[in-house]
Amino acid sequence: MSNQSTTHNQLIQNEFTKQADAYSSNPTIIDPMWAQRLVENSAPRATDRVLDIATGPGYVALAFAAKGCEVVGIDLTDAPLAIATKNRDERALTNVQFEKADANQLPFDDASFDIIVCRFAFHHMPNPAAVLGEMVRVCRVGGKIAVEDLCSSEVPARGDYQDRWERLRDPSHTDALSLTELLELFTNVEVEIENVQTEHRPQVIEEWLSNSQTPPSVTEEVRDLLRSDEASGLSGMHVYTNEADEFCFDHRVHTVVGIKR
């Protein structure tokens, strides 16, 4: 593994050790209907073996396990894995296990899973193409690959502006891919795209900053960038004040499901 990857992995571990509790209670992440939708899009059978990459608190892995699948959830960071294990034990599920592992070098044999999923992690990865390649490697022929992540504008300058305030808020953020870029990754590894969905998830900016424990010295800079964004559409995202007088923006979220042929 390169020194750059090692350094970024350490940054991810630092950030998600700090953010683990807040992330695991985030309404978007904890929403059972959202996890269930990803399960339904993957159309699992009870006999399927499922790998959940960057499992965090384990909600997606647990949703697959509830369908009877044998599930492995991996993460780079101990703190969210401890929460995932606690969540599993509270549900008395015995068909899911959680392990510490690096998605850049999956510790599994070729073609050892029927479904591989990754939710809200590609924008933390310096080389998402390499991770997708590993996902394809461990997937059997005819199996499903599903990626769900926040995405950026198709206009590069707007995507760059979004990444600017995303990185200030959370230094482990690398790049939010546009939908075109995400689909191109699938094409490059010859995965047949079966389903693409787009939705918008509202973020109350003060809660969003609090969840990441962004330092006060940085939060005002993030707010200023978002105020400019609201005035001039610099990221192409919807930045607004809601009916409760809260400063907000809507994250674009894309889900892509494909089949390995």
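How each quantity is defined
Residues numbered from 1 in each chain as written. Predicted model: local features only at pLDDT ≥ 70, side-chain atom pairs only at ≥ 80, totals over all residues. Heavy atoms only, no water. Helix = DSSP H or I, 4+ residues; strand = E, 2+ residues; numbered from the N terminus. 1 Å grid on protein atoms, 1.4 Å probe; cavity = no way out; pocket = protein on both sides within 12 Å on 5 of 7 lines; lining within 4 Å. Points joined across faces, edges and corners; volume = space filled by probe spheres on them. Nonpolar A, V, L, I, M, F, W, Y, C, P; charged D, E, K, R; others polar. Contact = heavy atoms within 4.5 Å. Polar contact = N/O pair within 3.5 Å; in protein donor to acceptor, adjacent residues only side chain to side chain. Buried < 20%, exposed > 50% of the residue type's maximum accessible area, 1.4 Å probe, protein only. Pairing = 2+ DSSP bridges. Right-handed = clockwise from strand over helix to strand, strands pointing away.

### Quick look at unusual backbone geometry
Link 1 in the chain: For Ala 43, which is not a glycine, the phi torsion comes out positive at approximately 50°.
Link 2 in the chain: Here Ala 43 shows up in the loop between helix H3 (32-42) and strand E1 (49-53).
Link 3 in the chain: Phi angles above zero are rare outside glycine, and Glu 190 is one such case at about 60°.
Link 4 in the chain: As for its placement among the helices and strands, Glu 190 is situated in the loop between helix H8 (179-188) and strand E6 (191-204).

### Notes on the layout of surface pockets
Link 1 in the chain: Size it by volume and the largest pocket reaches roughly 210 Å³.
Link 2 in the chain: Surrounding the largest pocket, 14 residues form its lining, Asn 26, Pro 27, Pro 202, Gln 203 and Glu 207 being those nearest its centre.
Link 3 in the chain: Those elements that place two or more of their residues in the lining of the largest pocket are helix H2 (27-30), E6 and helix H9 (205-211).
Link 4 in the chain: Residue classes in the lining of the largest pocket are distributed as seven nonpolar, six polar and one charged.

### Observations concerning the environment of Asp 114
Link 1 in the chain: Here Asp 114 lies in strand E4 (residues 113-119).
Link 2 in the chain: Separated by 28 residues in the primary sequence, Asp 114 and Gly 142 have C-alpha atoms spaced 7.8 Å apart.
Link 3 in the chain: Among all residues touching Asp 114, those that are not within four sequence positions of it are Arg 45, Thr 47, Asp 48, Arg 49, Cys 139, Arg 140, Gly 143 and Lys 144.
Link 4 in the chain: At a separation of 2.4 Å, a polar atom in the side chain of Asp 114 contacts the side chain of Arg 140.

### Points about the pairing of strand E2 (residues 70-75)
Link 1 in the chain: Counting buried residues along E2, five of its six residues qualify, which places the element largely inside the surrounding structure.
Link 2 in the chain: As paired strands, E1 and E2 are joined by five bridges and run parallel to one another. Counterpart to Asp 52 in the pairing with E2 is Gly 73.
Link 3 in the chain: Each parallel crossover has a hand, and the one from E1 via helix H4 (residues 59-65) to E2 is right-handed.

All we've got here are geometric facts, nothing functional implied.
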